[in-house]
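Breakdown of the fold
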Amino acid sequence: MSSGAKRFKTRVVVGADISGKPIFKWATGATEAEMLERKRLLIDKYIVDANNVSKQDIMFGQYAVDWFRVYKVGPGGLKASTLSGYKSALNNHILPMWGNRIIRAIKPLELQSWVNSLSGKRNGTVEEILLMCRQIFAQAFADGTIDRNPMVGIHKPRTVELKRNEVPDDQIASLDAAARRLMLEGPSGAMAALLFYIPYMTGLRRGEFLGLTGEDIDFGSRLIHVRREVVYVRGRLIVYDLSAGDRLKTDAAARDVPMPEELCNLLREYGVIGRRPLFVGPKSGKWVCHSTYKRLWLRLVREAGLDKLPETDKITPHRLRHTYSSITRRAQLDIKERQYIMGHADPEITDGRYTHINNADLMVILGKLDTFFSGAKAGAM
């Protein structure tokens, strides 16, 4: 207890957030007796008689944390990498705004006003925030905690959409030239180069190529065996391995991906050894940590002169994956083959989201149209 300006105050621990950090309520009073009475009321409301409090008097923060623990954490819950994004949205955006509000008192108008204030943030961040809010309020409505869902009709504001389309040909040429120079600059330079070549020539996800070992590279069959992925959760490295009973991103992610001859030659030049990871820390000799991965990637894009692009145009391994998907279509692989190589559970994702039309494709389309209309005109004569 402390006093100041002739007032007394003390804090009461009334719960914990999803990270285990205590949630406090303050009891204040002009006298010590008044402060203690308010402390008693807080204890009665949030601790002693919590189960008897009217559902409609529940604080949003209390309900949201309980919802998260029941529906998102624990056996059968989300993977750690996905869970991290949910925790970030809840702790950094949702709870600071609504945690101390009674859930039934939150109005659609103020929710929309808050959502509008998220304008300018990354699209993925805003979608994650909105998804969690919709799920929390939908559950509260379903179980009778609130008598209406204030998220109904809430629309997403304009956000910053990072490009997910393929990398332009001129930038691919710059990355290729940079990677060839880096291959001559020792193991570290070669690792930076392979950060370009592997996703560009195989379409592997970042976690998949970071999870490769020498045993996964089958030079005889010219196949890469995808059985593992490395993810970073708030900087912490986690390895998901099928041999350990872990799940990958999807069931379709476990696959054997063909290696072009050029990539085979580059990997032979690099040197792959047994169970040793392809991408290793300079001192540990184990899986490359997040900070080292970022340094390697930055080294690659700087060497290519592409490190000053606007945020929305930045080169990422995921955009190289999109590029590879479009290449498989131009190489005339059928949709089933492309779906398998990309590790997609649904061919609609391969065709609809990961395949793009570039200028060369437009010229092919133009040629087809010219042929059609020329034939139609000749037929009319």
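The coordinates are above.
Residues numbered from 1 in each chain as written. Predicted model: local features only at pLDDT ≥ 70, side-chain atom pairs only at ≥ 80, totals over all residues. Heavy atoms only, no water.

Remarks on the overall build of the protein
A count of helices and strands for the protein gives 14 helices and 8 strands. In the protein, which comprises 381 residues, the proportion classed as buried is 40%. In the protein, 64% of the contacts between residues at least 6 apart in sequence involve partners at least 24 apart. Total accessible area on the protein stands at roughly 20400 Å², and carbon and sulfur atoms take up 54% of it. (Helix = DSSP H or I, 4+ residues; strand = E, 2+ residues; numbered from the N terminus. Buried < 20%, exposed > 50% of the residue type's maximum accessible area, 1.4 Å probe, protein only. Contact = heavy atoms within 4.5 Å. Areas by Shrake-Rupley, 256 points an atom, 1.4 Å probe, with all protein chains shown as cover.)

Digging into the sheet that holds strand 8 (residues 255-258)
Strands pair in a sheet through their backbones, by hydrogen bonds, and they do so in one of two ways: parallel or antiparallel. Taken in spatial order, the 3 strands of this open sheet run 4-5-8, and their pairing is antiparallel. Sheet topology places strand 4 (217-218) and strand 8 at the edges, where each strand pairs with a single neighbour. As paired elements, strand 4 and strand 5 (residues 223-226) share 2 bridges and run antiparallel to each other. Paired with D218 across the strands is L223, a residue of strand 5. (Pairing = 2+ DSSP bridges.)

With respect to the nonpolar core
For soluble globular proteins, nonpolar side chains are generally found buried alongside one another. Of all hydrophobic cores here, the largest spans 49 residues; its most connected members are L195, Y197, I198, L210 and F279. Examining the composition of this core, we find that 10 residues originate from one element, helix 7 (residues 186-202), more than from any other. In terms of nonpolar packing, the next biggest core, distinct from the first, is built from 31 residues, V65, L83, I94 and V115 among them. (Core = buried A, V, L, I, M, F, W, Y, C linked by side-chain atoms within 4.5 Å.)

Details of the pattern of salt bridges
Counting across every chain of the model gives 16 salt bridges. The partner of D176 in a salt bridge is R180, with the nearest N and O atoms 3.2 Å apart. Placement of both D176 and R180 in helix 6 (residues 169-182) is noted, with a separation of 4 residues, approximately one turn of the helix. A relative accessible area of 39% places R180 in the partly exposed class. Of the charged contacts in the structure, one is a salt bridge between R227 and D256, with a shortest N-O distance of 2.9 Å. You can see R227 sitting in the loop between strand 5 and strand 6 (228-233) and its partner D256 sitting in strand 8, a full 29 residues away along the chain. On the accessibility criterion, R227 (29% relative accessible area) is partly exposed. The class for D256 is partly exposed, based on a relative accessible area of 22%. (Salt bridge = Lys/Arg side-chain N within 4 Å of Asp/Glu carboxyl O.)

Quick notes on the pairing of strand 6
Looking down a regular strand, the side chains alternate between one sheet face and the other. By the criterion of burial, strand 6 is predominantly enclosed, with 6 of the 6 residues buried. Of the two faces of strand 6, both are covered, the one formed by R228, V230 and Y232 as well as the one formed by E229, V231 and V233. Where strand 6 meets strand 7 (residues 236-241), 6 bridges bridge the pair, whose relative direction is antiparallel. For R228, the partnering residue across the bridge sits in strand 7 and is D241. Here strand 6 folds back onto strand 7 in antiparallel fashion, the turn holding 2 residues, of which R234 has a positive phi close to 50°.

Focus on empty space enclosed by the protein
Counted under the stated rule, the structure contains 2 cavities of 30 Å³ or more. By volume, the second largest cavity is sized at about 30 Å³. Contributing to the lining of the second largest cavity are Y270, G271, V272, I273, R276, P277 and L278. The class makeup of the residues in the lining of the second largest cavity is 5 nonpolar, 1 polar and 1 charged. (1 Å grid on protein atoms, 1.4 Å probe; cavity = no way out; pocket = protein on both sides within 12 Å on 5 of 7 lines; lining within 4 Å. Points joined across faces, edges and corners; volume = space filled by probe spheres on them. Nonpolar A, V, L, I, M, F, W, Y, C, P; charged D, E, K, R; others polar.)

Observations regarding unusual backbone geometry
Here the phi dihedral of R222 falls at roughly 55°; this positive angle occurs in a residue that is not glycine. You can see R222 is positioned in the loop between strand 4 and strand 5. With relative accessibility at 38%, the residue R222 sits in the partly exposed group. Even without being a glycine, Q332 presents a positive backbone phi close to 65°.

Points about a nonpolar patch on the surface
Nonpolar side chains collect at one region of the surface, where V13, F24 and W26 lie side by side and expose about 300 Å² of accessible area between them. Within the fold, W26 resides in strand 3 (residues 22-29). (Patch = residues over 30% accessible without salt bridge, like charges linked within 9 Å, V, L, I, M, F, W, Y side chains within 5 Å.)

Examining the pairing of strand 8
Here strand 8 shows a buried face lined by R255 and V257 and an unburied face lined by D256 and P258. By the bridge criterion, 4 bridges tie strand 5 to strand 8 in an arrangement that is antiparallel. By the bridge assignment for strand 8, L223 is matched with P258.

What about the side chain of Q171?
By the element assignment, Q171 lies in helix 6. Residue class for Q171 comes out buried when judged on its relative accessible area of 14%. The contact partners of Q171, leaving out residues within four places of it in the chain, are L306, L309 and I315.

Points about the packing of helix 7 against helix 10 (residues 290-303)
Here helix 7 crosses helix 10 at 75°, and the two axes come no closer than 9 Å. Between helix 7 and helix 10, the interaxial angle falls into the category roughly perpendicular. Residues S188, G189, M191, A192, L195 and F196 of helix 7 pack against Y293, L296, W297, R299 and L300 of helix 10. Classifying every residue of the contact of helix 7 with helix 10 gives 8 nonpolar, 2 polar and 1 charged. (Axes fitted to C-alpha atoms, helices over the stretch in contact; angles between N-to-C directions. Parallel < 35°, antiparallel > 145°, perpendicular 65-115°, else oblique.)

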